[in-house]
Amino acid sequence: MEEITEGVNNMNIADSHKKNRIQVSNTKKPLFFYVNLAKRYMQQHNEVELSALGMAIATVVTIAEILKNNGLAVEKKIMTSTVDMKDESRGRPIQKAKIEILLGKTENFDELMAAAAEEREVAEVEEQQS
């Protein structure tokens, strides 16, 4: 896990200042934390860039698919690369796979988000009345 942290720290500084980028880890937060965060980023910036290294790549793909299948996002760009980093346990250089997926809002994103918010409000009111 340390090698991933080091790789993230060694990334180009200009890269890491993107306001709409989410760097996904498959150990730190649950899947739907990232799904909800991506929705919020799309509301604010109209698009979101999901980024991951190594084993977290599957998590990023899953997040993108959930957003696409729910009609909230469209795929704009997918970039793959490798990142050089040092293996903490053996001290030798290794390469980690990296993926970046750029998602944009669908035409009916705002409509779907408003409907979901309304459903939550109705559920809360019903819960309070019972």
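Structure first, text after, so check above.
Bear in mind that the values here come from a model prediction, so they are computed numbers and not experimental data. (Residues numbered from 1 in each chain as written. Predicted model: local features only at pLDDT ≥ 70, side-chain atom pairs only at ≥ 80, totals over all residues. Heavy atoms only, no water.)

*Asks:* Hey, could you run me through the overall build of the protein in this one?
*Replies:* Scanning the protein from terminus to terminus reveals five helices and four strands. Mapped from its N terminus to its C terminus, the protein presents α and β elements in the order α-α-β-α-β-α-β-β-α. Here the protein, with 130 residues, has 34% of them falling under the buried criterion. Considering only contacts within the protein whose residues lie at least 6 apart along the sequence, 70% involve residues at least 24 apart. Accessible area for the protein stands at about 8400 Å²; split by element, carbon and sulfur atoms hold 49% of it. (Helix = DSSP H or I, 4+ residues; strand = E, 2+ residues; numbered from the N terminus. Buried < 20%, exposed > 50% of the residue type's maximum accessible area, 1.4 Å probe, protein only. Contact = heavy atoms within 4.5 Å. Areas by Shrake-Rupley, 256 points an atom, 1.4 Å probe, with all protein chains shown as cover.)

*Asks:* Is there a simple way to explain the side chain of Ser51 in this structure?
*Replies:* Of note, Ser51 is situated in strand 2 (residues 47-53). Judged by its relative accessible area of 3%, Ser51 is buried. Each residue touching Ser51, except ones within four places of it in the same chain, is listed here: Arg21, Ile22, Gln23, Val24, Val60, Lys98, Ile99 and Glu100.

*Asks:* Can you walk me through the packing of helix 3 (residues 31-45) against helix 4 (residues 57-69) in this structure?
*Replies:* Packed helices, taken two at a time, are described by the angle their axes make and the gap between the axes. Two elements in contact, helix 3 and helix 4, have axes whose closest approach is 10 Å; the angle formed by their N-to-C orientations is 55°. Between helix 3 and helix 4, the angle is such that the two are oblique. For the pair helix 3 and helix 4, the sense of crossing is right-handed. Across from Leu31, Phe32, Tyr34, Val35, Ala38, Lys39 and Met42 in helix 3, the residues of helix 4 making contact are Thr59, Thr62, Ile63, Ile66 and Leu67. Considering only residue class, the contact of helix 3 with helix 4 consists of nine nonpolar, two polar and one charged. (Axes fitted to C-alpha atoms, helices over the stretch in contact; angles between N-to-C directions. Parallel < 35°, antiparallel > 145°, perpendicular 65-115°, else oblique. Left-handed = near helix turned anticlockwise from the far one by under 90°. Nonpolar A, V, L, I, M, F, W, Y, C, P; charged D, E, K, R; others polar.)

*Asks:* What's the story with the packing of aromatic side chains in this structure? I'm lost.
*Replies:* Counted according to the given criterion, the structure contains one aromatic pair. An angle of 80° between the planes, with centres 5.3 Å apart, marks the rings of Phe33 and Tyr34 as edge-to-face. Since its relative accessible area comes to 36%, Phe33 is described here as partly exposed. Above the face of the Phe33 ring, Lys29 is positioned so that its terminal group lies 5.0 Å from the ring centre. (Phe/Tyr/Trp six-rings, centres within 6.5 Å; stacked < 30°, edge-to-face > 60°. Lys NZ or Arg CZ within 6 Å of the ring centre and 35° of its normal.)

*Asks:* Is there a simple way to explain a negative patch on the surface in this structure?
*Replies:* A surface patch of like charges, here negative, comprises Glu118, Glu119, Glu121, Glu124 and Glu127. Tracing the backbone shows Glu127 in helix 5 (residues 109-129). By relative accessible area, Glu127 is classed as exposed at 64%. (Patch = residues over 30% accessible without salt bridge, like charges linked within 9 Å, V, L, I, M, F, W, Y side chains within 5 Å. Salt bridge = Lys/Arg side-chain N within 4 Å of Asp/Glu carboxyl O. Lys, Arg positive; Asp, Glu negative; His and termini not counted. Charge placed at Lys NZ, Arg CZ, Asp CG, Glu CD.)

*Asks:* Explain the nonpolar core to me, please; I cannot follow it from the model alone.
*Replies:* Across soluble globular proteins, you tend to see nonpolar side chains buried next to one another. Grouped together as the largest cluster of nonpolar side chains are 24 residues, with contacts concentrated most on Ile22, Val48, Leu50, Leu67 and Leu103. Mapped by element, the contributors of at least two residues to this core are helix 3, strand 2, helix 4, strand 4 (93-105) and helix 5. It is helix 3 that provides the largest number of residues to this core, a total of six residues. With residues near it in sequence (within four places) discarded, Leu67 still touches Val35, Ala38, Lys39, Met42, Leu72, Ala73 and Leu103. (Core = buried A, V, L, I, M, F, W, Y, C linked by side-chain atoms within 4.5 Å.)

*Asks:* Honestly, the pattern of salt bridges in this entry has me stumped. Any pointers?
*Replies:* Between side chains of opposite charge, pairing is possible as soon as their charged atoms come close. Applying the stated criterion across every chain yields a total of eight salt bridges. Across the pair Lys76 and Glu47 runs a salt bridge, and its minimum N-O distance is 2.7 Å. Within this pair, whereas Lys76 is found in strand 3 (residues 73-86), its partner Glu47 is found in strand 2, the two being separated by 29 residues in sequence. Accessibility expressed as a relative area gives 51% for Lys76, which makes it exposed. For Asp110, the salt bridge is made with Lys105, and the minimal N-O distance between the two is 3.2 Å. Note on Asp110: relative accessible area 47%, which makes it partly exposed. Several salt bridges share partner residues, and in doing so they unite Arg21, Glu49, Lys98 and Glu100 into one network.

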